[in-house]
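Coordinate analysis (summary)
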Amino acid sequence: MNKDLITIRQLNVKEIDEIFALTARIKKTPGRFSRTLQGKSLAMIFQKPSNRTYVSFSVGMFELGGHALYLGPEHINLGVRETVADVARTLSRFVSGIVLRTFAHQTVLDMAEAASVPVINGLSDYSHPCQALADIFTIKERFGKVKGLTLAYVGDGNNVCNSLLYAASKLGLHMRVATPKGYEPDQELMRLVLESARATGARIELLRSPQDAARNADVLYTDVWTSMGQESEFKKRLRVFKTYQINARLVSLAKKTCLVMHCLPAHRGDEITDEVIDGKHSVVFDQAENRLHVQKAVLVKLLK
Ligand code: CP
Ligand code: NVA
């Protein structure tokens, strides 16, 4: 594996399979890994809020015998108090790995370049690789496979959508993305995704209609309409995305066995209804739990 985990794009299928195999072992017998990262520390820099990422990395390090430090905006003041590169160089003298949640993706790249220790992307405006790994692991747990299934992503072509696209194209998972005009996933990313999809047979489609996307799908996925950092667009986005909601009617178009997924936090009543997120198809808390197990595997791979 590379030194860092920045996007799913940099992982090959063998590496993804290895992460999932280790995840399954860690999930089944966590006690066997309780000293794997003994004496190691992880710095976690958060420039945005977090529940799952913060708690799962903290608990994950603890359960592996290591230790995690939370560094919020008030601690580091990244790029203002000192440069990203100087923060990376300093932390590399103290800790064995860095998790970074930030705005511009370039900040993650700059941090990784300057750090001599592994840097894990804990979400940037462009991608959220740990989320996609946990999501695909969850799909695999439920269906026993990923290749040949169809995932319908309904809503904003954002960081979570981008990472799912990278993963789907590599793993032969068909993916339909339904977004309003102007909210499609990144164009250059789409070019890369379509290129890698050609090799695996994954059918990747961009659509307008949530109904067309959902029809006969194995997985329905959505995320918030307004991501962190876009708060000033909240009202506009409520209007633009109004018809891009996962509700019972949309679920009824998908397969009877379909899974409903959401990376959380959810804005109940906007992109997903209470009835659906709390309903029998929903696996949202399995996804959240699997963040812990998958990230422990990533930490072992990168920090050991
Ligand atoms: N899904 C996710 O990353 O959640 P947090 O923003 O709470 O970390
Ligand atoms: N797209 C969301 C994901 C949160 C986990 C955001 O960036 O805010």
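Residues numbered from 1 in each chain as written. Chains lettered and ligands numbered in written order. Predicted model: local features only at pLDDT ≥ 70, side-chain atom pairs only at ≥ 80, totals over all residues. Heavy atoms only, no water.

1. Observations concerning the pairing of strand 2 (residues 67–71)
Within a regular strand, side chains alternate between the sheet's two faces. We count it as follows: The criterion for strand pairing is that DSSP finds at least two bridges linking the strands in question. The secondary structure listing takes helices from DSSP runs of H or I that are at least 4 residues long and strands from runs of E that are at least 2 residues long, numbered from the N terminus. By convention, orient the strands away from the viewer: a clockwise path from the first strand over the helix to the second makes the crossover right-handed.
Judged from the five bridges that link them, strand 1 (residues 41–46) and strand 2 form a sheet pairing that is parallel. If you follow isoleucine 45 over to strand 2, its bridge partner there is leucine 71. As a crossover connection, the stretch from strand 1 through helix 2 (residues 52–63) into strand 2 is right-handed.

2. Regarding the packing of aromatic side chains
Each aromatic ring pair is described using two quantities: the centre-to-centre distance and the angle formed by the ring planes. Our working rule: Two rings from Phe, Tyr or Trp (for Trp, the six-membered ring) form a pair when their centres are within 6.5 Å of each other. A pair whose planes differ by under 30 degrees is stacked, one over 60 is edge-to-face, and the rest are tilted. Two conditions define a charge sitting above a ring: the NZ of Lys or the CZ of Arg must be within 6 Å of the ring centre, and it must be within 35 degrees of the ring normal.
In total, this model carries eight aromatic pairs according to the counting rule given. Relative to tyrosine 221, the ring of tyrosine 153 has its centre 5.8 Å away and its plane inclined at 25 degrees; by these criteria the two rings are stacked. Linking tyrosine 153 in strand 5 (residues 150–154) with tyrosine 221 in strand 8 (residues 219–222), this pair joins segments that are 68 residues apart in sequence. Clustering of aromatic rings is evident, with ring pairs tying together Tyr183, Trp225, Phe241 and Tyr244. Above the ring of phenylalanine 103, the side-chain terminus of lysine 48 is found at 4.7 Å from the ring centroid.

3. A look at the pairing of strand 1
Stated precisely, the cut-off is as follows: Under the scheme applied here, a residue whose accessible area is under 20% of the maximum for its type counts as buried, over 50% as exposed, and between as partly exposed, the area being computed with a 1.4 Å probe on protein chains only.
Counting buried residues in strand 1 gives six out of six residues, a clear majority hidden from the surface. Alternating residues of strand 1 divide into Ser41, Ala43 and Ile45 and Leu42, Met44 and Phe46, and every residue in both groups is buried. Pairing geometry for strand 1 and strand 3 (residues 97–101), over five bridges, is parallel. In the strand pairing of strand 3, alanine 43 is matched with isoleucine 98.

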